[in-house]
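Structural features, examined
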Amino acid sequence: MSKSSGQKPKRAEKVSSNNNGKSIWKLAVNSVKSSRMRNIFIVLTIILSVSLLMVMALFYAELDTENFRQVSKMQHVVYYGLDKEQIKELAQDERTEYVLGMKRGKSVEVDGRLLQPICYDSSPSKSEDVQISTIEPVKGTVPEKTDEVTISDAFCKFLGIQGEPGEKVSFTFLDGTTEEFVISGIFHQDGESKYFSIVLSEEYGEKGAQLRDISYDGIVRIHGANKMSQTAFLEEIRTIASDYGIERKNVNENNYFLDTLSGGKRQVQQNLMIIGVGIGILFVSVLVIYSVFYLAVVGRIQQFGQLRTIGMTKRQIRRMVRYEGLALCSIGIPAGLLVGGLIGYLLKPGGWSWVNTLLIGLAVTAADIITVLISVRKPAVIASSVSPVEASRYSGVDVKESNKLYRKITPLHLALMNRSRNRKKAALTMISLGVGGVLFMLAAFFCTSTSLEEYARQGPFQHGEFVIDLSYNMAETAEHGITDLQINNAINEEFLEKVESIDGVEKTSVYREALIKWEAHGDNSDDSMVAFGPEEEAKLKTMLESGQADYDAMMKEDTLLITHNDLNEEIYGWKYQIGDRIRLSWYDGQKECEEEFTVAGILDTDKYIKYSNQYGDFVLPEEKLAQMTKGMNLNSQVVVKTDREKEKQIEKGLNQILEEYPSLTMSTLKENEAMTENQFTILFSVMLGLSIFIVAFSLLNMLNTLITNILTRKREFAMLQSVGMTTKQLSHMIQIEGLMLTAGNLVITLVFGTAAGYAMVRILQYFGVEYMHFHFPGILFLAYAVVTAIVPVVVSTVMIKGFQKEALVERLR
């Protein structure tokens, strides 16, 4: 006996190859490789869900980033009416981090466009690291000499000039004088605009006729403002104003910046909206991915049963399924991140940030991995809980007893029977498709329910296609503004008769106002007053926030009504109350007048604007206003309603009439509609892109469901063909099953999509979006229905042709 025989035998090592994690991972990878068709659709689904989440998250992050970058170069507040000494003192104040002086001359109207001369004072500023965006030439330099000017490329196009540095250009200003300048530089201006800036030199601002007597605007950034709350910021800028003797009405905070500070209501609403959209997309992703994995895993329970027979435990089965999900994630998630990141960049290149992209990418990756793991959990439990014997007989359908002794064996009835055997799968697929369909319908409702014409018609255009006003240029140069034009008002009976005599003019609406100056609560400003007649008293009473509107009482007691009260609080820090005294002064055509009035009622501003185009802050009885202005013709605006088929010839006729009236100008609905169309083109493009994304999601899920269903039933189809079913009948049966799936999806999409679209339109209307009207997107829904109906027909045809390449005996095995 050898020496070794006396030693204790070594304990057998408890090693089992089926307990090796690497082996399970390899099995999972091999399983993924063996089902390429199925896994292609799963990977595409992951790519689509990841890219959709990535695009939406990036888009909102880029909006915030772009806003932050814009705000970082914007003023926080503008102080009006300053002299050069105040600008210098503000620049030296430790509470400010950057100060820029700017002069703005009087605007002049040229062919419906407003031109405004401006200049900047470059001397008082602070840190070079902090700048405020001003006009920067893309060609040439900023003006330095008195006779130099910088204008935009859009203005050059409007003027019909080449727009090259050194080119000469002349302007006729509001006082009637014409001055010639040399173009020193050209800056870029986006899109169509009715406003152009003429940037003159600092030297011209001190010596030039148009700017030398103009006070400065102080464009200011506040030190540490980014860390302040809204309340603290407003208190700071108003304290600074008080220290330098600047009146409250001359303080204009940048609301765009204000909304970025903590406590901003708009910021809270935007964050809630982003969270809501994110949850919605994640819900759709979970539903679709769960559906895909459920069908994929349940269809392979027989394979799991075989693995159980060779010793794989339930826990290892569940782990293997999870590994398959992670293996597919390792392919789909990087591709989805790349696609989503690229689309996100293209949507908002100005807000692109690598930090945001990395953080969002990590969050989306984690969300989708968790989604996949949740999605495969139940199928994995099903796969592991079935015994090897049961798994070998598992068909993936719920077989229920039936009292029917016989059934018709036709493609239609076989399809119905299969649907009843697979109710859970069918319901899950239809719900996931339906959610995508509902989101598609929301986008479709948004596009079809938006009336671009009504959007363009907001304001005076709601009553007609042409708006004729007293000349802005003449009113600005007149001593008493439009009142001087109203003394010999061109908008008189003769003018109105000429307009109404044009063929196609259906109606003219005339609006009246009188310019006034007011004093109340220690503040004063310019404004206008409008009138109402006794017949309008009942309607105005329905618009009262407080007080009363009694025509006769107001005539006796010298009282008036107030509108835009919230605006008073925003500008001056106070609101009118019933009983407040207001001192009004005006020019009656002969002399300056003054009178004190009492506030009798406060009108709901929104309701009042809907009721009339008269935007004056003070509303008086028409007899009282006539007495105050000595019966002056107070017409200030005419809105012309026309037969739109004759609009072109009417415009020509109106232009001919206006040649006789230099004190009148005209704007058209056609111009307004063109600007509106440009504004909504981008929005509708985004909505269309999102709709295509969502439709692709739904169709991909349907394709996966149909193909997976067909692949897992190859043996069943072979058995049916072996007992006499023809290829044509088999194809019809599969098509009918797919069309039933489509029908269920369309019912969900139609019912819930319509309800969601209706709710969306009503909510927007409630918040004042009056150009939205519920309109069913029939064509878009029909297109969606046709596409989803074609898919099962095409899939069944392609798959049957693929079956034909395999022998019937092989498929039976």
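Each remark here, short or long, concerns the structure printed above.
Report follows, based on the coordinates.

The rules behind the values
- Residues numbered from 1 in each chain as written.
- Predicted model: local features only at pLDDT ≥ 70, side-chain atom pairs only at ≥ 80, totals over all residues.
- Heavy atoms only, no water.
- Core = buried A, V, L, I, M, F, W, Y, C linked by side-chain atoms within 4.5 Å.
- Buried < 20%, exposed > 50% of the residue type's maximum accessible area, 1.4 Å probe, protein only.
- Helix = DSSP H or I, 4+ residues; strand = E, 2+ residues; numbered from the N terminus.
- Contact = heavy atoms within 4.5 Å.
- Arc of directions from axis to C-beta.
- Polar contact = N/O pair within 3.5 Å; in protein donor to acceptor, adjacent residues only side chain to side chain.
- Salt bridge = Lys/Arg side-chain N within 4 Å of Asp/Glu carboxyl O.
- Pairing = 2+ DSSP bridges.

1. Things to note about the nonpolar core
- Counting 44 residues, the largest nonpolar core has Ile 710, Phe 717, Leu 730 and Val 795 as the members making the most contacts within it.
- Listing elements by their share of this core, those giving two or more residues are helix 2 (36-71), helix 14 (423-449), helix 25 (669-711), helix 27 (727-766) and helix 28 (778-804).
- The greatest single-element share of this core, amounting to 11 residues, is contributed by helix 25.
- Setting aside residues up to four positions removed in sequence, Val 795 forms contacts with Leu 703, Leu 706, Ile 707 and Ile 710.
- Core analysis: the second largest hydrophobic core is formed by 28 residues, Val 50, Leu 53, Cys 329 and Val 376 among them.

2. Considering helix 3 (residues 84-92)
- Within helix 3 the residues assigned to the buried category are Gln 86, Ile 87, Leu 90 and Ala 91. Seen along its axis, helix 3 keeps its buried residues to an arc of 140 degrees; they face one direction.
- Capping the start of helix 3 is the job of one residue whose side-chain oxygen sits 3.1 Å from the backbone nitrogen of Glu 85: Asp 83.

3. Topic: the pattern of salt bridges
- Scanning all chains against the criterion turns up 26 salt bridges.
- With a shortest N-O distance of 2.7 Å, Arg 644 and Glu 647 are connected by a salt bridge.
- A relative accessible area of 33% means that Arg 644 is categorised as partly exposed.
- In this structure, a network of salt bridges that share partners links the residues Glu 453, Arg 457, Glu 465, Arg 644, Glu 647 and Glu 673.

4. Some points on the pairing of strand 6 (residues 148-152)
- Taken across its 5 residues, strand 6 has 5 buried, putting it largely inside the fold.
- By the alternation rule, side chains of strand 6 split into Glu 148, Thr 150 and Ser 152 and Val 149 and Ile 151, which are all buried.
- Summarising the sheet, strand 6 and strand 9 (residues 195-200) pair through 2 bridges and their orientation is antiparallel. Each residue of the ladder has a partner; that of Val 149, found in strand 9, is Leu 200.

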